[in-house]
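# Structural overview
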Amino acid sequence: MEVKIKEGITLQQKRTVALDDTAIKYGSGLAEVYATPAMISFMENTAYRSIESFLPEGYSTVGISINVQHTKATLPGKKVDCQSIVTKVDGKKVFFKIEASDEEGKIGTADHVRYIVNSEEFVARLKK
Ligand SMILES: CC(C)(COP(=O)(O)OP(=O)(O)OC[C@H]1O[C@@H](n2cnc3c(N)ncnc32)[C@H](O)[C@@H]1OP(=O)(O)O)[C@@H](O)C(=O)NCCC(=O)NCCS
């Protein structure tokens, strides 16, 4: 399996914070503000999508680690954007830096690692 993923691959995605994205809905807190797990999901989705088209047919990535800082609260209805960049590729491990911002500035950062797997084998191994 040839890995064509290179340092510098980047993706930016935008979305609006919905009521379903709030801490009270996620059960991660009492406040009606953008939930940390919602931000992490957006970060992972951005990193994941940024490299899918560089993988051979039948391969994908799974998240194996994320170290995240959530530094500012965001109200529902506000726009958030997220940008990921590949910083290193080491065998099957792909390393990312990720930053999320709302309309006023940075709200979070993350160091994230994804692992390249054969999609069918990954699930089949679990069912043995
Ligand atoms: C990815 C995964 C299949 C790798 O397992 P494996 O094929 O048995 O491979 P290994 O356990 O030998 O790990 C391979 C490498 O990844 C590293 N690694 C695996 N999990 C890791 C983690 N959580 N954090 C850091 N490194 C990790 C190992 O240290 C090893 O590094 P090395 O090659 O430098 O020695 C396994 O870690 C896994 O299933 N993780 C859960 C992924 C997941 O379900 N994510 C949610 C869905 S997206």
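None of these values were measured; they are calculated from a predicted model.

Reading guide: rules and limits
- Residues numbered from 1 in each chain as written.
- Predicted model: local features only at pLDDT ≥ 70, side-chain atom pairs only at ≥ 80, totals over all residues.
- Heavy atoms only, no water.
- UniProt positions renumbered as here; feature names shortened; annotations may be inferred.
- Helix = DSSP H or I, 4+ residues; strand = E, 2+ residues; numbered from the N terminus.
- Contact = heavy atoms within 4.5 Å.
- Buried < 20%, exposed > 50% of the residue type's maximum accessible area, 1.4 Å probe, protein only.
- Polar contact = N/O pair within 3.5 Å; in protein donor to acceptor, adjacent residues only side chain to side chain.
- Pairing = 2+ DSSP bridges.
- Axes fitted to C-alpha atoms, helices over the stretch in contact; angles between N-to-C directions.
- pLDDT = per-residue confidence, 0-100.
- Expected span 1.5 Å × (residues − 1).
- Near = heavy atom within 4 Å.
- Areas by Shrake-Rupley, 256 points an atom, 1.4 Å probe, with all protein chains shown as cover.

## Observations regarding the UniProt feature "binding site: substrate" (unreviewed entry) in the chain
As recorded in UniProt, the sites labelled "binding site: substrate" (unreviewed entry) are G63 and R114. Spanning 52 residues, the named residues nonetheless gather at one spot, since no C-alpha pair among them exceeds 4.4 Å. Following the sequence through the fold, G63 ends up in strand β2 (residues 59–70). Setting aside chain neighbours within four positions, we find G63 in contact with E44, H112, V113 and R114. Here R114 falls in the buried class, since its relative accessible area comes to 4%. Polar contacts involving the side chain of R114 include one to the side chain of T61, which spans 2.8 Å.

## Considerations on the sheet that holds strand β3 (residues 79–90)
The five strands lie next to each other as β1-β3-β4-β5-β2, forming an open sheet whose pairing is antiparallel. Since the sheet does not close on itself, it has two edges, and those belong to β1 (10–16) and β2, each with one partner. On average, adjacent strands in this sheet sit at an angle of 25° to one another, irrespective of strand direction. Direction of pairing for β1 relative to β3: antiparallel, over a ladder of seven bridges. Counterpart to T16 in the pairing with β3 is K79.

## A short note on the confidence of the model for the chain
Of all residues in the chain, 100% attain a pLDDT of 70 or more, and the chain-wide mean is 96. For this predicted complex, the interface score ipTM comes out at 0.85, alongside a pTM of 0.93.

## Here's the deal with helix α2 (residues 36–52)
Between its first and last C-alpha atoms α2 spans 24 Å; for 17 residues at 1.5 Å apiece the expected length is 24 Å, and the two agree. Listing the buried residues of α2 in full gives A38, M39, F42, M43, T46, A47, S50 and I51.

## Concerning the site of the ligand
Every residue close to the ligand is listed here: V62, G63, I64, S65, K93, Y115, F122 and R125. G63 has a polar backbone atom sitting 3.0 Å from a nitrogen atom of the ligand. In the environment of the ligand, an oxygen atom lies 3.3 Å from a nitrogen or oxygen atom belonging to the side chain of R125. Here the ligand loses 40% of its free accessible area of 930 Å² to cover by the protein chains. Where the shell around the ligand is concerned, the elements lending two or more residues are β2 and α3 (119–127).

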